[in-house]
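# Inside the fold
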Amino acid sequence: MWNYEKKLQYPVRVSTCNPRLAKFLIEQYGGADGELAAALRYLNQRYSIPDKVIGLLTDIGTEEFAHLEMIATMVYKLTKDATPEQMKEAGLGAHYATHDKALFYHNAAGVPWTASYIQAKGDPIADLYEDIAAEEKARATYQWIINMSDDPDLNDGLKFLREREIIHSQRFREAVEILKEERDKQIYF
Amino acid sequence: MFTQVKYWNPYIGPFDPCPPMRVKSYQTPPNLYIGFQPPNMEQYSPRQALHCGTLWPAFYSPYPSDGREEE
């Protein structure tokens, strides 16, 4: 089970009204390498992976939900006071027609989230390598979004999230090293 | 020396419905340990290499690898 603390993992500040950025940021909400995909991928892989790395997947999967909440807050702040005209100008006309200001799990191009973005191969090495790749892809996505954003307050939050991707990748690499160790070796003849 | 299979003991619950599998295994093939391939590694004969799928014994990963495999 989970306990919920009604606060963000890191404060989210948005200084300029810029709905266009929300269109790009939604990639980290409902995109292939976004926070939703990350959380669901890790929490689902826990059941069939060796005991020694289950806790890591629980912790990181949980943190991804905290990141999802931060992204949601950013997108919400960027769009909540935009007029329909501003939404249209920001390239969010199609989104407005379908969802009004509601958030939805789709990527920057409007493609809805699908479970085929994630995998559970059952092979611990394959699954952890997918996790490492996902973290690096999410880090790259944050970089491209930061490159397009001129909002220093928003970028502060994005830089925090980018750094977390680096740490998660490091932890998954350490998990691979744990699984490569020779402990618990049992020989059958 | 590394092994290409690792074994672990999954948690066995007191109320599991099926007879427990006490030992499970996963593969750790040799490429995980070698990094950038060093030069001048020992090679198989061409015929053996074709059979194994690689020129180099160090990368050969028999499967299933239950200890009874040919080398």
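- Looking up chain B in an unreviewed UniProt entry gives the name CotJA, with the organism given as Pontibacillus marinus BH030004 = DSM 16465.

- As recorded by an unreviewed UniProt entry, chain A carries the name CotJC and is attributed to Pontibacillus marinus BH030004 = DSM 16465.
- UniProt, in the comment section headed Sequence similarities (unreviewed entry), describes chain A in these words: "Belongs to the manganese catalase family."

## Re the nonpolar core
Residues and elements named next belong to chain A.
- Membership of the largest hydrophobic core comes to 20 residues, with the highest contact counts inside it found for Leu25, Ile71, Met74, Leu154 and Leu158.
- Residue assignment for this core shows that the elements contributing at least two residues are helix H1 (19-25), helix H4 (54-79), helix H7 (124-148) and helix H8 (152-180).
- A per-element tally of this core places H4 first, with seven residues.
- Sequence-distant contacts of leucine 25, that is, excluding residues within four places in its chain, are made with Ile71, Met74, Val75, Leu78, Ile145, Leu154 and Leu158.
- Core analysis: the second largest hydrophobic core is formed by 17 residues, Tyr42, Val53, Ile125 and Ala134 among them.

## Some points on helix H3 (residues 35-45) of chain A
Residues and elements named next belong to chain A.
- Counting buried positions along H3 gives nine out of 11 residues, so the element sits mostly inside the fold.
- Those residues of H3 not exposed but buried are Glu35, Leu36, Ala37, Ala38, Ala39, Arg41, Tyr42, Leu43 and Gln45.
- Lining the buried residues of H3 we find helix H2 (27-30), H4, H7 and H8.

## Quick look at the interface of chain B and chain A
- Between chain B and chain A, the contact holds 16 residues from the first and 16 residues from the second.
- Together chain B and chain A conceal approximately 1400 Å² of surface at their shared face, both sides included; 57% is due to carbon and sulfur atoms.
- Of all residues in chain B, B:Tyr7, B:Tyr26 and B:Leu32 bury the most surface against chain A, accounting for 42% of the area lost on that side.
- Our count for the chain B to chain A interface comes out at zero salt bridges.
- The interface formed by chain B and chain A contains four residue pairs in polar contact (both at pLDDT 80 or more).
- Elements represented by at least two residues in the side of chain B that touches chain A include exactly strand S1 (5-8), strand S2 (24-27) and helix H1 (31-34) of chain B.
- Among the elements that line the side of chain B that touches chain A, the one with the most residues is S1(B), at three residues.

## A word on the packing of aromatic side chains
- For the structure shown, the criterion picks out six aromatic pairs over all chains.
- Seen from their ring centres, A:Tyr10 and A:Phe160 are 4.4 Å apart, and the 15 degrees between their planes marks the pair as stacked. With A:Tyr10 in the segment before H1 and A:Phe160 in helix H8, the pair connects residues that are 150 residues apart, well separated along the chain.
- Residue A:Tyr10 is classed as partly exposed on the basis of its relative accessible area of 22%.
- Taken together, a centroid distance of 6.4 Å and an interplanar angle of 85 degrees make the contact between B:Tyr44 and B:Tyr60 edge-to-face. Pair noted here: B:Tyr44 is in the loop between H1 and helix H2 (46-52) and B:Tyr60 is in the segment after H2, with a separation of 16 residues, a long-range link. An identical accessibility class is assigned to B:Tyr44 and B:Tyr60; each is buried.

## Focus on the pattern of salt bridges
All names here are of chain A.
- Counted under the stated rule, the structure contains 10 salt bridges over all chains.
- As a salt-bridge pair, glutamate 5 and lysine 7 come within 3.1 Å of each other at their nearest N and O atoms.
- Lysine 7 gets classed as exposed once you look at its relative accessible area, which sits at 56%.
- Lysine 137 is the salt-bridge partner of aspartate 33, the closest N and O atoms lying 3.6 Å from each other. Residue aspartate 33 is located in the loop between H2 and H3, and its partner lysine 137 is located in helix H7; the two are separated by 104 residues in the primary sequence.
- Of the residues examined, aspartate 33 reaches a relative accessible area of 21% and is grouped as partly exposed.
- Exposure remark for lysine 137: the relative accessible area of 44% places this residue in the partly exposed category.
- Linked by salt bridges that have partners in common, Glu136, Arg139 and Arg173 make up one network.

The rules behind each value
Residues numbered from 1 in each chain as written. Chains lettered and ligands numbered in written order. Predicted model: local features only at pLDDT ≥ 70, side-chain atom pairs only at ≥ 80, totals over all residues. Heavy atoms only, no water. UniProt positions renumbered as here; feature names shortened; annotations may be inferred. Core = buried A, V, L, I, M, F, W, Y, C linked by side-chain atoms within 4.5 Å. Buried < 20%, exposed > 50% of the residue type's maximum accessible area, 1.4 Å probe, protein only. Helix = DSSP H or I, 4+ residues; strand = E, 2+ residues; numbered from the N terminus. Contact = heavy atoms within 4.5 Å. Buried area = accessible area lost by both parts, 1.4 Å probe. Salt bridge = Lys/Arg side-chain N within 4 Å of Asp/Glu carboxyl O. Polar contact = N/O pair within 3.5 Å; in protein donor to acceptor, adjacent residues only side chain to side chain. Phe/Tyr/Trp six-rings, centres within 6.5 Å; stacked < 30°, edge-to-face > 60°.

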